[in-house]
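Structural overview for review
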Amino acid sequence: MTGGRQEKAKSTSGVRGNLDEEYCFPNKNVASLVDAKEAPALLISPNGKYLAHLGPSGLKSLQEMSEPEVRTAGLRLSTDFTKSFARRNFYISLQIESLPVKPDTISKREKFQVVPENIERRLLHFKWNSAGDTLAFCEFYKSKVYLNVCLVEKKKLIRKELRLNDTLCSPLKWIDTEKILVLKAANSTRTPPQRSIRSRPTTDFHDGKEAKLAPTFQDLIKDEYDEETFTYYTQSQLAVVSIANNDGKSNLICNDIRRIPPAIYIDFDTSPNGRYLKLDELPAPFSRMVSYKFFARRTTVHKLLAHNNNKETQYKGEFVREISKLDADELSYSAYDARRKGRRSCWWSEGHGALICFVEALDDGNPNTDIEYRDRVCALQENDAFTKEVEIIKLASGFRQMGVLETGDLAIVTERWWKTKLEQTWLVYFKGGSPNLLNKTQVLLSERIYEDKYSDPGNIQYGTSRTGTKCPLHIRKKFGEQDDVSLVLYNNEGAGEEGYIPFLDIITIDLANLENISSRSSSNNGSAFNIGDVTQIWESNHEAGKFERIHAILNSSGSTFLSDDDSLRVLISQESPEQPPNHYLCDLKTNKMSGRNAVRITDYEHPYPAIKGYSKHIIKYSRSLDGVTLSATLYLPAGHDINDKGQKLPLFFWAYPRSFKSASAASRLTDSPFRFPEIIPFKSPLVWLTLGFAILDGPAIPIIATAGDDPSHFNDTFVEQLVSSAEAAVNYLCSDLGICDPDRVAVGGHSYGGFMTANLLIHSGNLFSCGIARSGAYNRTLTPFGFQREKRTFWDAPEVYAKMSPFFQFTFKYESNSISTWWGRREQRDIY
C-alpha cells in the first residue's frame, strides 16, 4: 500500500505500548486538510433583514481534550461549572450584516463585528427575538458566564454576568421582544459533592415482572454519589432577564421567578400569550438503568405574574396544574415503534392564546398490541384551566410531529410506523372564528413509504410567528366562499435517478371545500398527494453542474404569513466539486437563481488546496446475491481519469451498513456528482486522496429483509449481504472499470462501520488486504438486549448474535489480513 508517513513511532510488544513514544505527524498535505478552516455558520433573523455569521472554533487542543470530566446519567460534563458539556463544539466570533430588501440591489448592506475572534471564549445558544432586531446568546469563559444581547439596529452589545446552566437544554428563551426566560445554575456557589467510602454494598433488585429489551448505555448513575453529582450540575433556577432603557442607556436586569423552586429542568417555555410557563423537570429518584433522557418526567403549568416594586418588575410563578407525570422508561418493548405510557411530548400551540397539546399512547406504548388506533393528540385550554381534554386526532400508528398555522385553524399532523415504513400526513381544519377545536374536519394530505427517498415530497417549512412560536409558512387567500391556503414544501436532497436535486414546491389546498374534495393523485417527484395542487417553484441547477440548496426563506412580514406577490426572497448556497458552498440572495419568482440578479453574500475560498484536481463520480453496479442495484461515490486523485486503466490505484473502501425493508428503497441514489466534498477531521476518508488512493465513500451496504418476513429479522442474512455488497463494489472498480489494484484494497468504517470492517476481513476471503475499524463493537453477546437495528435479544436469536460477532469467527494467524482497531481513550472498551 502507498502511504505518506514521514515519521514512525517506536513500537514495543507490550500490551499498553511504549509510554515514552510521542504523537506522530502526517505529511503536510494531510495536515492541511485536518487544519482547514471551517466556514462560518449562518443565522437569519426572522424578519429577513439581518444575517449573523458565527465563527467556528476549529479543532480542540490536546489540553482541552484532556480536561477532567464528570460522567453521570449518560452525561459527560466539564468539572469547570461554566463549561457544562465537555468537548462540545462552539463559536468564537460573531459578525452581523444587513441584507438588501431587494435581491437585485447591494445598497445598505452593512457589516459590523459584534464579538471579535477569541479562542478563549465560547459562544453558544444564539436566539433571535420574534421581531428580528435583537440577538441573545451565551458567552462562556473558564471562570465566568455572560448573557449577551445585541441590539442590532443600534449596533450595540449589552451583557450581564450570569451563571447560566445548559447541561440539559438551551438556557434561554424569549418571552417577548424585550424579556428572556433563563435557567441559572442553582448550585454555582456550592462545592461539588465528594465521593465517600461506602459502608454498604450496592444492590439491585428485579421486581419479578417479565424481562424486556434494555439498551446498553454508558456513564449511568451507579450510586448515591452519582445521584448527588447529577443534581449538583443540572439543577437550575428560573429567572427573567429584561432589557431596560434608562436615560438613553441599555442594560440587563435579572430577577428570579419566586415560588418556583430550583429543579432539574429538561425543557421550559412560555405560552404564546406570555401568561403561562410550561416546565418539564426530572424528579428523583433517578434510574440506574438508563440515561437521563429516559428518566421519570413531570410537566407542569404555572401562571407567570409580574408586579412593579420600587420601579423594578418582580416575577412569581403560580402553580396551575400538573399536565403529565411519566415513570422512568427502563424496559421498552422488544420491537420498534414502542412509546412511553402516559401523556408525552407536551408543547404550546399557536393561535389559541394558551393551548397546551400532548400525545398519549392508546396501546400503552406496546406496538405488539392489536388495536385500531395507537396514538392520539389532545389539547388543554386556558379557558378550562387546563383540565378538560379536547381530542384533536387519533392516529393508527406512532405520532411524529404536528405544526399549527399562526391563525390556529389548521393543524398538520404526521404519523409513522417502522414495521410497515408507512408515513401519513393529515390536515385537521378547525372551523369557526375562534377557531373551535370541537368543530373540525380531518383529511389525509399524503402517504408514502418513508424509506423510499425518491417519494419524499419535502418538508413543510416553518417560520417565527409574531409571538415567537415556530409555525408553518403559508400564503392565505380568502375571497367569497373560497379559502385557499398554500404551504411551502422544501426537499433538501431531492433524491432521484440523477442523484440529489433539491427542490421547492407550493401545495395549495381549498379549505372551504375540504370535506367535499375527492382523493386524487398529484405527482411530485414520485410522491402522491391525496388533495391539493402542487406547483414547483424552484429546483437546483443540475444541468449547469451545480448543487444548490435553500438556506432560508426570508420573510419581512414579522410573522409566518407569506405575501402572495411576485417576490419570494431566499438565501441559496451554490457549490460544485471544485467550488465550496457560497451563498446568494435572490428572488425565486423573478430569476430562479440565474446569477444575473442574485447578490453574492459570501466569498469562501477553497479550503482544501491539497486535493484540487480530484474527480468525483456516482457509480452503479449490482450484487450477485440478489441482483439489487447499488451505488457509491468514487473519488479519484488529481491526474487520474475514470476511463484510464493504465495505472492501477490503491483503493480505500469506507462504508456503513443500513437496513431496508425493500430492495427498491435500497437501490436509491444518495448523493450528487456536483457536491463539494466536506472533510471532517478524524471522520472523512478523503484525506487518503493526498496519498494517491482512490476513495469509495459511502458504498451502499443494504441489509434487506427477506420478502414476506418480519423486517426485524433482516440480520438473519447479515454476513451474506455484507460480503456480496462489498464484492460487487470492489469487482466493479478492479475488473469492470479496471482502475484499481485488487491486491491493494483497504476497508474501513466507524462504529457499526468498524463492526462491518472486522466482518468483511473475516468473511470475504482476500477481497481486502487490511482494514481500519474505529470505535466498533465486535462481540455482540456483550450487548445481549439488542444493538443497532437488531431488536431481538441474544436468547431470542443466539445463532444470529454468534454469526455476526467477529470475535467468534476470528482465528489468530500471522498470515491473516491486518486490522487496526482503535477507540477514544475514555470509551468503555469492556463492552466491545
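Residues numbered from 1 in each chain as written. Predicted model: local features only at pLDDT ≥ 70, side-chain atom pairs only at ≥ 80, totals over all residues. Heavy atoms only, no water.

1. With respect to the packing of helix α5 (residues 718-736) against helix α6 (residues 752-763)
For the pair α5 and α6, interaxial distance at closest approach is 10 Å and the crossing angle is 85 degrees. Considering the angle they form, α5 stands roughly perpendicular to α6. In contact with Phe-718, Val-719, Leu-722, Val-723 and Ala-726 of α5, α6 contributes Tyr-752, Phe-755, Met-756, Asn-759, Leu-760 and His-763. Here the contact of α5 with α6 is built from residues that sort into nine nonpolar, two polar and no charged. (Axes fitted to C-alpha atoms, helices over the stretch in contact; angles between N-to-C directions. Helix = DSSP H or I, 4+ residues; strand = E, 2+ residues; numbered from the N terminus. Parallel < 35°, antiparallel > 145°, perpendicular 65-115°, else oblique. Contact = heavy atoms within 4.5 Å. Nonpolar A, V, L, I, M, F, W, Y, C, P; charged D, E, K, R; others polar.)

2. Some words on unusual backbone geometry
Omega for the bond connecting Ala-284 with Pro-285 falls within 30 degrees of zero, at 0 degrees, which places this linkage in the cis form. Tracing the backbone through its elements, the reader meets Pro-285 in the loop between β16 (276-281) and β17 (297-309). In this structure, Ala-73 is a non-glycine residue whose phi angle is positive, near 55 degrees. The residue Ala-73 is located in the loop between β3 (69-72) and β4 (75-78) in this model. Positive phi outside glycine occurs at Gln-788, with the angle close to 45 degrees. Take Gln-788: it is sitting in the loop between β49 (770-774) and α7 (798-804). The class of Gln-788 is partly exposed, set by a relative accessible area of 38%. (Buried < 20%, exposed > 50% of the residue type's maximum accessible area, 1.4 Å probe, protein only.)

3. Re the pairing of strand β38 (residues 547-553)
Along β38, six of the seven residues are buried, which leaves the element largely enclosed by surrounding structure. Relative to strand β39 (residues 569-576), β38 runs antiparallel, the two sharing six bridges. The residue of β39 that forms the bridge with Ala-552 is Leu-571. (Pairing = 2+ DSSP bridges.)

4. Focus on the sheet that holds strand β40 (residues 579-587)
Strand order across the open sheet formed by four strands is β38-β39-β40-β41, with antiparallel pairing between neighbours. The sheet terminates laterally at β38 and β41 (599-600), the two strands that pair on one side only.

5. Brief notes about the pattern of salt bridges
The final tally for this structure, using the stated rule, is 44 salt bridges. The salt bridge involving Lys-278 is made with Asp-280; its shortest N-O contact spans 2.5 Å. For the pair shown, Lys-278 and Asp-280 are each scored as buried. Ionic pairing is found between Glu-281 and Arg-298, a salt bridge with its closest N-O pair at 3.5 Å. Taken together, the residues Glu-281 in strand β16 and Arg-298 in strand β17 connect sequence positions 17 residues apart. A relative accessible area of 16% means that Glu-281 is categorised as buried. On the accessibility criterion, Arg-298 (24% relative accessible area) is partly exposed. Shared partners join several salt bridges into a network, and the residues in it are Arg-339, Arg-344, Asp-363, Arg-374 and Asp-375. (Salt bridge = Lys/Arg side-chain N within 4 Å of Asp/Glu carboxyl O.)

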